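# Reading the structure
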Amino acid sequence: MRVSTNEFLLGSLNDIMAQEATVNQLNQEIASGQTMQSAVDNPAGAGSALGIAGQIQQLSFDTANAQSGAATIQNSLASLQGINTLLSQIQSVAVQAANGTMNASDRAALAGTVNSALQQLIQLANTQSADGSYIFAGSKSAAAPFVVQTNGRIAFNGDADTTSVTIAPSLS
């Protein structure tokens, strides 16, 4: 078979145009920093990229949940440390009050100190998390768990249920 000059030139032109298209594609990849400009370029790669993007989004959500849980735990710990400090102060005041050398005005001053500490204890026991729920209320976290009644007694309006934060599908 004989190849004419015209056919040879057309074949060469097709090769040159194909190489130009490849060079243009590579230039676009270099300029954008992406090897896949559209899903048509690599359908399997596009599917993988979408799957990975979904995983990244889920991990971001899980991270936000973990940070929220950690903040709640830190808030609870700070409240419990404050409660521990106040209880130590009340114990110290009780030891002072038991001293036989105290007169009525001294004991009244100590009672005022204990009442002030009691009000602080109630505030700490009614600590709220960042979302406004009461930390120590159990499942009834929409309302303050500790309230002072009209007769001066303190009532607990929460319950013994525990609360949990779902951090990831298998972790809470």
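Values in this document were obtained by computation on a predicted structure and should not be read as measured data.

Conventions adopted
Residues numbered from 1 in each chain as written. Predicted model: local features only at pLDDT ≥ 70, side-chain atom pairs only at ≥ 80, totals over all residues. Heavy atoms only, no water. Helix = DSSP H or I, 4+ residues; strand = E, 2+ residues; numbered from the N terminus. Rg over C-alpha atoms; globule rule 2.2 N^0.38 Å. Buried < 20%, exposed > 50% of the residue type's maximum accessible area, 1.4 Å probe, protein only. Contact = heavy atoms within 4.5 Å. Areas by Shrake-Rupley, 256 points an atom, 1.4 Å probe, with all protein chains shown as cover. Lys, Arg positive; Asp, Glu negative; His and termini not counted. Charge placed at Lys NZ, Arg CZ, Asp CG, Glu CD. Expected span 1.5 Å × (residues − 1). Axes fitted to C-alpha atoms, helices over the stretch in contact; angles between N-to-C directions. Parallel < 35°, antiparallel > 145°, perpendicular 65-115°, else oblique. Left-handed = near helix turned anticlockwise from the far one by under 90°.

### Side note on the overall build of the chain
When its secondary structure is counted, the chain shows three helices and two strands. Helices and strands in the chain line up, N terminus first, as α-α-α-β-β. Compactness check: the chain gives a C-alpha radius of gyration of 36 Å against a globular reference of 16 Å for 172 residues, more than 25% above the reference. Across its three principal axes, the chain shows a C-alpha extent of roughly 125 × 30 × 25 Å. Counting the 172 residues in the chain, one finds 16% classified as buried. Of the contacts made within the chain by residues no fewer than 6 positions apart, 34% connect residues no fewer than 24 positions apart. Put simply, the chain shows about 12,500 Å² of open surface, and 58% of that area lies on carbon and sulfur atoms. Averaging the locations of the 4 positively and 10 negatively charged side chains of the chain gives two centres separated by 26 Å.

### Quick word on helix H2 (residues 43-97)
For H2, spanning 55 residues, the distance from its first C-alpha to its last is 81 Å, which sits close to the expected 81 Å at 1.5 Å a residue. Every buried residue of H2 is listed here: Gly45, Ala46, Asp62, Asn65, Gly69, Ser76, Ser79, Ile83, Leu86 and Val93.

### Quick word on the packing of H2 against helix H3 (residues 104-125)
At a closest axis distance of 10 Å, the pairing of H2 and H3 adopts a crossing angle of 165°. In terms of their interaxial angle, H2 and H3 are classed as roughly antiparallel. Here the hand of the crossing between H2 and H3 comes out left-handed. Note on element contacts: H3 touches H2 through Arg107, Leu110, Thr113, Val114, Ala117, Gln120, Leu121, Leu124 and Ala125, opposite Ser79, Gly82, Ile83, Leu86, Leu87, Ile90, Val93, Gln96 and Ala97.

Function-wise, these values are silent; they only describe arrangement.
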